[in-house]
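Coordinates in review
The lines below spell out each chain.
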Amino acid sequence: QVQLVESGGGLVQAGGSLRLSCVVSGGTFSSYTMGWFRQAPGKEREFVGCITWRTDSRYYADSVKGRFTISRDNVKNTVYLQMNSLLPEDTAVYYCAVANRGSGTRRQDAYSYWGQGTQVTVSS
């Protein structure tokens, strides 16, 4: 079975940085997208960004553009979310997910596998 494991969450002050990691195991995907989502208290889960494995194309939500960067390691089947200039509004549980498609997508329904989530808390 495909499993995703996030790590790297924690508590950080506003303006600080964190790097989240997501490792995929148990699957052999030749064309897929790895996405990052987050859910803050009282809010719906929202798209953060994604990266396509085939073309290394990256997409970001407007709320994180210029602050967050997605990168990858194809050999390790790992995607990273580098979060800089963190704001209290970034506080949420962050999830990684895999979509079985080569083109990136913001639609949550396209993602078939999800990690357990990792908590990011930004204090002011």
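Look up a bit, the structure's there.
Residues numbered from 1 in each chain as written. Predicted model: local features only at pLDDT ≥ 70, side-chain atom pairs only at ≥ 80, totals over all residues. Heavy atoms only, no water.

**Side note on the packing of aromatic side chains**
What characterises a pair of aromatic rings is the spacing of the ring centres plus the angle enclosed by the ring planes. Per the counting criterion, the structure on display carries 5 aromatic pairs. With 5.7 Å between their ring centres and 75° between their planes, F37 and F47 make a pair best called edge-to-face. Here F47 lies in strand β5 (residues 46-52) and F37 lies in strand β4 (residues 33-39), a separation of 10 residues in the sequence. On the accessibility criterion, F37 (0% relative accessible area) is buried. Members of the aromatic cluster, joined through ring pairs, are F37, F47, Y111 and W114. For R45, the ring lying beneath its charged end belongs to Y95, and the centroid distance is 6.0 Å. The side chain of R45 reaches across the aromatic face of W114, ending 3.8 Å from its centre. (Phe/Tyr/Trp six-rings, centres within 6.5 Å; stacked < 30°, edge-to-face > 60°. Helix = DSSP H or I, 4+ residues; strand = E, 2+ residues; numbered from the N terminus. Buried < 20%, exposed > 50% of the residue type's maximum accessible area, 1.4 Å probe, protein only. Lys NZ or Arg CZ within 6 Å of the ring centre and 35° of its normal.)

**Observations concerning unusual backbone geometry**
Positive phi, close to 60°, is recorded for D56, a residue that is not glycine. The residue D56 is located in the loop between β5 and β6 (58-60) in this model. Overall, the relative accessible area of 28% leaves D56 in the partly exposed class. Phi at S85 takes a positive value of approximately 50°, unusual for a residue other than glycine. Tracing the backbone shows S85 in the loop between β8 (78-83) and β9 (92-99).

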